[in-house]
Amino acid sequence: MMTISYFPKPYNNELLYSVIARYLIHTLTLDYKVILDELFGKRTVVATVDFPSHLNKFCAHISSCLDIPPNDVLENHTLFPIYKPFLPNQRLEKIKASCLSEYGGNIHTRLGNAASGISYPKWLKVCPECMSEQKQTHGEYYWQRELQLKGVEVCPYHNIFLFKTNISYHPLGKHTFIPLTKYVQLSKNEFHENEKQKLFTLSRMYLDILKSNLHKPLSYEHYSIFYKNLAEEFGYTKGRNVKHDEIKCRVISYWGKDLLLKLDPYLSKLDQWLIPMFQKHRKAFQPIQHIIVWQAFGLKSFKKDIYFKWIKKSRAKKSPQKVSVGSQLYGKDKQRAQWLKILSDYPELGVKKIRTSIAGALYTWLYRNDRQWLKEHTPKRKKININTRVDWESRDLEVLADLITLEEKARHKYEGPRRSVTWFTNGTKHRSYLLKNLNKLPSSKEFIEKHSESIKDYQKRRIKYVLQTKLQNENEIKLWQVMRLAGLRKSNFDQEMIDFITCIAKEECRAVIPFI
């Protein structure tokens, strides 16, 4: 394994992407793949701003000059801590394993970014005040991770708008590490002065999450209870129902649709993500979605206002009460007896009717606590015998009558589509079963076979239609003209067709002009 003699020490909250970019400058190396070979022992590693992989190999390669564990890199120099409070422990462990291993292709999928509808930041961002401090303190610039988060548009330290750079959040070169220098182009963002304070609070909330250092991740269940409690505390519930429209109005009133739209178009579509947030959580929401709701409810500190106050309350509220075995058995006997009495009182009803109109709560209790017994004492589904026998003989006569009527109406008409088997079956009111059951209708089948057109018959009918309508007043019938008006190809004009046209022309005393 190749080891290196020098590697720069990462600064506080500096992205690993930035540290590698500084290493490139310090060693005056122009070839990115040489850098990858030195640091990872592999030239195909992708330059990633937020969630790099191959951390085990990276730390092993730099161990001779800088002793830093892979977990420290993940916690202090990537965006991993921002997602820790919002993902279940099992998912976090898989993401962590992918970052440490040599395969990181599934990291963003496991974060839920791909399915969330929220886009990634487009450009890396900087604060001019932070850059000035970096230059004074360290003599160089670097990319700060807390400024690259979705929705961070104001510096959480100096309360000034950030500048967008011309460096892409997803590097245009797959293996390109671009350092922050004074030559990077800066441009102002599109936010207004009256939006600054809200965006500053949002940035501070992100910073608070980064510093929270949670040891135990929170589950979907914790957040389900948390948002239910939040709605109750602010009076947005009626019984067991959440007043989603009033919560939506609160969020819009605080943020405004224009600001949500500028942060991300998907965030302005509140019906698609805000309502599920106040229901049972079955998937992870993005950090910015949580922060938008927290701010709208006046919560400003993750640790103080959310984790300690609300999440602990959620855990305490969810802690199960101890029930003695005797009381459980007694409860089961009582519920079973009640269920059996209902079955004897209403023998004609099925389980669905009993569950929806008579004993819904009882059924739910038994289903949760005594499911096997309930299955054994559920009314059997009654089979309803439907007489599906059909008198095919009379049905055949009925269909035949319709087919005759259809044929008589079309007999003297030369226009229209080909009168195939499908045309006959679709033209009657029996189309739903006629084609599938044609063998059971012998008379109808014989009639259709006798009167349905072949392709050649259909072509002749089209020629007749042209001769009697569009070329009716022509004394000379030109074959090329007939062919074009009838929509036929020259390959279809065999001797049989020419003889057919000639025969009609003789009857009408008209001349036929052959192809030239």
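Nothing here was measured: the structure is a model prediction, and the numbers come from that model.

## Looking at the overall build of the chain
Counting its secondary structure elements, the chain contains 27 helices and seven strands. Over its C-alpha trace the chain gives a radius of gyration of 39 Å, far above what one expects of a compact globule, namely 24 Å for 516 residues. Judged by the C-alpha coordinates and their principal axes, the chain covers about 105 × 85 × 55 Å. Taken over 516 residues, the chain has a buried fraction of 44%. For the chain, the computed accessible surface area is about 29,200 Å², with 51% contributed by carbon and sulfur atoms. Positive and negative side-chain charges in the chain, numbering 86 and 52 respectively, have mean positions lying 6 Å apart.

## Concerning the pairing of strand β2 (residues 163-168)
Relative to β2, strand β1 (residues 123-126) is paired through three bridges, and the arrangement is antiparallel. Paired with K125 across the bridge in β2 is K164. Examined bridge by bridge, β2 and strand β3 (residues 186-188) share three bridges and lie antiparallel to one another. In the strand pairing of β3, F163 is matched with K188.

## Looking at the nonpolar core
Residues F7, L39, F278 and W294 are the most contacted members of the largest nonpolar core, which totals 102 residues. When residues no more than four places from it in sequence are discounted, the contact partners of F278 are Y227, L230, A231, V242, H244, I247, V293 and F297. Grouped together as the second largest cluster of nonpolar side chains are 16 residues, I463, I477, V482 and F493 included.

## What to know about the sheet that holds β1
Strand order in the open sheet formed by three strands is β1-β2-β3, with antiparallel pairing between adjacent strands. The sheet is open, and its two borders are formed by β1 and β3, each paired with just one other strand. Each strand axis lies, on average, 40° off the axis of its neighbour in the sheet, ignoring direction.

## Quick word on the side chain of Q295
Turning to its location among the elements, Q295 is positioned in helix α15 (residues 287-296). From its side chain, Q295 meets the backbone nitrogen of L202 in a polar contact 3.0 Å long.

## Quick look at the pattern of salt bridges
Considering all chains together, one arrives at 16 salt bridges under this definition. K196 is the salt-bridge partner of E193, the closest N and O atoms lying 2.9 Å from each other. Since its relative accessible area comes to 16%, K196 is described here as buried. Of the charged contacts in the structure, one is a salt bridge between E496 and K460, with a shortest N-O distance of 2.9 Å. You can see E496 sitting in helix α27 (residues 495-507) and its partner K460 sitting in helix α25 (residues 455-468), a full 36 residues away along the chain. Residue E496 is classed as partly exposed on the basis of its relative accessible area, which comes to 40%. Residue class for K460 comes out buried when judged on its relative accessible area of 18%. What emerges from the salt-bridge pattern is a single network uniting E14, R22 and E140.

## Some points on unusual backbone geometry
Most peptide bonds take the trans form, and the phi angle of most residues other than glycine is negative. The phi dihedral of L28 falls on the positive side, at around 55°, and the residue is not glycine. Residue placement: L28 occurs in the loop between α1 (16-26) and α2 (32-40). Unlike most non-glycine residues, H54 shows phi in positive territory, near 60°. Inspection of the secondary structure assignment puts H54 in the loop between α2 and α3 (55-61).

Rules of the game
- Residues numbered from 1 in each chain as written.
- Predicted model: local features only at pLDDT ≥ 70, side-chain atom pairs only at ≥ 80, totals over all residues.
- Heavy atoms only, no water.
- Helix = DSSP H or I, 4+ residues; strand = E, 2+ residues; numbered from the N terminus.
- Rg over C-alpha atoms; globule rule 2.2 N^0.38 Å.
- Buried < 20%, exposed > 50% of the residue type's maximum accessible area, 1.4 Å probe, protein only.
- Areas by Shrake-Rupley, 256 points an atom, 1.4 Å probe, with all protein chains shown as cover.
- Lys, Arg positive; Asp, Glu negative; His and termini not counted.
- Charge placed at Lys NZ, Arg CZ, Asp CG, Glu CD.
- Pairing = 2+ DSSP bridges.
- Core = buried A, V, L, I, M, F, W, Y, C linked by side-chain atoms within 4.5 Å.
- Contact = heavy atoms within 4.5 Å.
- Axes fitted to C-alpha atoms, helices over the stretch in contact; angles between N-to-C directions.
- Polar contact = N/O pair within 3.5 Å; in protein donor to acceptor, adjacent residues only side chain to side chain.
- Salt bridge = Lys/Arg side-chain N within 4 Å of Asp/Glu carboxyl O.

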